[in-house]
Amino acid sequence: MTDPHQVLADLTAEGKVLDGLLSGLDEAGWKTPTPAPGWTIHHQIAHLSQIFDMAGLAAGDPEAFTAMTSRLSDDFNANVDAAMKPYLAQEPGELLATWRGKVAASVANLGAVPPDQTVPWLVRPLPPAILACAGIMETLGHGQDVLDALGVEREWTDRIVHLVGFAVLVQDFGYEARGLNPPTVPFRYELTLPSGTPWEFGPEDAENRISGPASDFCLLVLRRRHRDDLALTAAGGAANLHLDVAQAYRGPAGAGRQPGQFATSATS
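A few points on the structure.

Another aspect to go through is unusual backbone geometry. Within the chain, Arg-223 stands out as a residue other than glycine whose phi angle is a positive 60 degrees. Mapped onto the elements, Arg-223 comes out in the loop between helix H10 (214-221) and strand E4 (233-235). For Arg-223, a relative accessible area of 15% gives the class buried.

Before going further, it helps to spend a moment on the pairing of strand E2 (residues 198-201). Bridge analysis of strand E1 (residues 187-192) against E2 gives four bridges, and the strand direction is antiparallel. Bridge assignment links Glu-190 to a residue of E2, and that residue is Glu-200. Counted along the chain from E1 to the antiparallel partner E2, the turn is five residues long, and its residue Gly-196 has a positive phi close to 100 degrees.

Using the criterion set out here, one finds four aromatic pairs in the structure. On the numbers, 6.2 Å between centres and 25 degrees between planes, the contact of Trp-199 with Phe-201 is stacked. A residue is classified by how much of its surface remains accessible, and Trp-199, at 15% relative accessible area, is buried. Phe-201 sits in the partly exposed class, given a relative accessible area of 45%. Taken together, the ring pairs in this structure connect Phe-187, Tyr-189 and Phe-217 into an aromatic cluster. The cationic tip of Arg-154 hangs over the ring face of Trp-156; the distance from NZ or CZ to the ring centre is 5.1 Å.

Counting through the fold element by element, Ala-97 comes out in helix H6 (residues 92-112). By relative accessible area, which is 46% here, Ala-97 ends up partly exposed. The sequence separation of Ala-97 and Gly-60 amounts to 37 residues, and the corresponding C-alpha distance is 20 Å.

Another aspect to go through is the sheet that holds E2. Read from one edge of the open sheet, four strands run E2-E1-E3-E4, paired in mixed fashion. Looking at which strands have only one partner, the edges of the open sheet turn out to be E2 and E4. Across the sheet, the mean angle separating the axes of adjacent strands is 10 degrees when strand polarity is ignored. Across the sheet, H10 lies against E1 and strand E3 (208-213), angled at about 110 degrees from E3, the strand it touches most. Packed on one face of the sheet, helix H11 (residues 237-245) meets E1, E3 and E4 and runs near 45 degrees to E3.

Before going further, it helps to examine the side chain of Arg-154. Residue position: Arg-154 is located in the loop between helix H7 (128-150) and helix H8 (161-169). Among the polar contacts made by the side chain of Arg-154, one reaches the main-chain carbonyl oxygen of Leu-140 at a distance of 3.2 Å. Within polar-contact distance, the side chain of Arg-154 engages the side chain of Gln-144 at 3.0 Å.

What follows concerns the packing of helix H1 (residues 4-22) against H7. H7 packs onto H1 with a crossing angle of 20 degrees between their chain directions and a minimal axis gap of 9 Å. By the angle class used here, H1 and H7 are roughly parallel. Viewed along their axes, H1 and H7 form a crossing whose handedness is left-handed. Residues Pro-4, Val-7, Leu-8, Asp-10, Leu-11, Glu-14, Gly-15, Leu-18, Leu-21 and Leu-22 of H1 touch H7, and the partners they reach there are Ala-129, Ala-132, Cys-133, Gly-135, Ile-136, Thr-139, Leu-140, Gly-143, Val-146, Leu-147 and Leu-150.

This part is about the nonpolar core. If you look at the biggest cluster of nonpolar residues, it comprises 75 residues, and the most contacted ones within it are Leu-22, Ile-45, Trp-99 and Phe-217. Here the element with the most residues in this core is H7; it accounts for 11 residues. Setting aside residues no more than four positions away along its own chain, Leu-22 makes contact with Trp-30, Ile-41, Ile-45, Leu-96, Trp-99 and Val-146.

As enumerated under the stated definition, the model contains 12 salt bridges in all. Between Glu-176 and Arg-250 there is a salt bridge whose closest N-O contact spans 3.6 Å. Pair noted here: Glu-176 is in helix H9 (residues 173-177) and Arg-250 is in the segment after H11, with a separation of 74 residues, a long-range link. Residue classification places Arg-250 among the partly exposed positions, given a relative accessible area of 34%. Its salt-bridge partner being Glu-190, residue Arg-209 comes within 2.7 Å of it at the nearest N-O pair. Within this pair, whereas Arg-209 is found in strand E3, its partner Glu-190 is found in strand E1, the two being separated by 19 residues in sequence.

The rules behind these values
Residues numbered from 1 in each chain as written. Predicted model: local features only at pLDDT ≥ 70, side-chain atom pairs only at ≥ 80, totals over all residues. Heavy atoms only, no water. Helix = DSSP H or I, 4+ residues; strand = E, 2+ residues; numbered from the N terminus. Buried < 20%, exposed > 50% of the residue type's maximum accessible area, 1.4 Å probe, protein only. Pairing = 2+ DSSP bridges. Phe/Tyr/Trp six-rings, centres within 6.5 Å; stacked < 30°, edge-to-face > 60°. Lys NZ or Arg CZ within 6 Å of the ring centre and 35° of its normal. Axes fitted to C-alpha atoms, helices over the stretch in contact; angles between N-to-C directions. Contact = heavy atoms within 4.5 Å. Polar contact = N/O pair within 3.5 Å; in protein donor to acceptor, adjacent residues only side chain to side chain. Parallel < 35°, antiparallel > 145°, perpendicular 65-115°, else oblique. Left-handed = near helix turned anticlockwise from the far one by under 90°. Core = buried A, V, L, I, M, F, W, Y, C linked by side-chain atoms within 4.5 Å. Salt bridge = Lys/Arg side-chain N within 4 Å of Asp/Glu carboxyl O.

So, in structure tokens, the structure goes:
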């Protein structure tokens, strides 16, 4: 079971890592294009601000959150663009302060929800610790875009364990995004955290197995690296397909990244 206090502490820590990159950027730096087509660093932080605003509202004022989501359209991309618009209008310094405040508020509000209760979210209510894991996923994913835009290599830590577990929990997302039927066979995951600690899940005798560095698995499910550039191995047809479609977020898969797009690996 995910420890709510630990995942919130690790979410805060991942935010500080990204903050360290943003704090030294001048106005021109915020306009740096990222690997996400059409998105600058400013876009990435505007999106994160909006995501954490929603999480803080869901935990702090569930009725207001439900009222807000009831007004969303069926157009996923249009909803994203509309939600980002007020944040994109902010100057870099203002946006940085806004993002910091939204992260702090969401952590505080999620921490105030009893662990055995749920928080309303876009599709179904989630335990606060799971929603915090989703926050780590968002921070690592969009943070990776910032790192890549600036040519900085990430220093991986075992905090990614929360993303690993979350990605396994939401294994079906990648299939649903492509109109495919999720697998019905069990998977065995044998991953290694940055510290060298093994992370294992699933039946030991499962025919479909995925193994390799946990950091590479995170880059895969975030769709920030192509599988060909990662040291992940798959045994079994279902596991092999999973390396093509895996994603740890709902909605359109996007183009992802191309093989060899990055000159050097971001794994460690």
